[in-house]
Amino acid sequence: MNHAFQVEAAEISDADLDNVSGGLAAGGSGGLFLETPLGDLGAGLLAVASPEGVAAGASVNTTSV
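Trainee: Describe the overall build of the protein chain, listing the residues and the values that go with them.
Mentor: Along its length, the protein chain carries one helix and three strands. When its helices and strands are written in sequence order, the protein chain yields α-β-β-β. Relative to its full complement of 65 residues, the protein chain shows a buried share of 5%. Pairs at least 24 apart in sequence give 19% of the contacts found in the protein chain among residues at least 6 apart.

Trainee: Could you give an account of a nonpolar patch on the surface, naming the residues involved and the relevant values?
Mentor: A cluster of nonpolar side chains, contributed by L32, L34, L41 and V60, occupies part of the molecular surface with about 360 Å² of accessible area. Tracing the backbone shows V60 in strand β3 (residues 53-64). Owing to a relative accessible area of 61%, V60 belongs among the exposed residues under this scheme.

Trainee: How would you explain the pairing of β3 if you had to name every residue and give the values?
Mentor: Buried residues are scarce in β3, accounting for zero of its 12 residues. Where strand β2 (residues 39-50) lies against β3, 12 bridges are found, and the strand directions are antiparallel. Counterpart to G44 in the pairing with β3 is S59. What sits between the antiparallel neighbours β2 and β3 is a turn of two residues.

Trainee: Requested: an account of the sheet that holds β2, with residues and values cited.
Mentor: Spatial strand order, β1-β2-β3: three strands in an open sheet with antiparallel pairing. Two strands bound the open sheet, and with one partner strand each, they are β1 (26-36) and β3. Going from strand to strand, the sheet's axes swing by 5 degrees on average, the running direction of each strand aside.

Trainee: Quick rundown of the pairing of β1? Include the residues and the values.
Mentor: For β1, the tally of buried residues reaches only zero of 11 residues, placing the bulk of the element at the surface. Two successive antiparallel strands, β1 and β2, enclose a turn made up of two residues.

Trainee: Mind laying out the environment of A25, listing which residues take part and the relevant values?
Mentor: Residue position: A25 is located in the loop between α1 (14-20) and β1. Given a relative accessible area of 61%, A25 falls into the exposed group. Placed 27 residues apart in sequence, A25 and E52 show a C-alpha to C-alpha distance of 9.1 Å. With residues up to four places along the chain from it excluded, the contact list for A25 reads A49 and S50.

Criteria and thresholds
- Residues numbered from 1 in each chain as written.
- Predicted model: local features only at pLDDT ≥ 70, side-chain atom pairs only at ≥ 80, totals over all residues.
- Heavy atoms only, no water.
- Helix = DSSP H or I, 4+ residues; strand = E, 2+ residues; numbered from the N terminus.
- Buried < 20%, exposed > 50% of the residue type's maximum accessible area, 1.4 Å probe, protein only.
- Contact = heavy atoms within 4.5 Å.
- Patch = residues over 30% accessible without salt bridge, like charges linked within 9 Å, V, L, I, M, F, W, Y side chains within 5 Å.
- Areas by Shrake-Rupley, 256 points an atom, 1.4 Å probe, with all protein chains shown as cover.
- Salt bridge = Lys/Arg side-chain N within 4 Å of Asp/Glu carboxyl O.
- Pairing = 2+ DSSP bridges.
- Axes fitted to C-alpha atoms, helices over the stretch in contact; angles between N-to-C directions.

Below you can see the structure in the form of structure tokens.
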């Protein structure tokens, strides 16, 4: 007697697989850092786009002597 479970395989489309795995997205980032005798300046940018929407962010950091 075989006690193994029976499993049925199912087909999944590429579009359905994209939704399961998180979908399609594209993004980019960049940064800049300047060091001077008077202080430091850092800045960063981030942008991400997907079918669900767009997200963007920016940051600026400074230190002075």
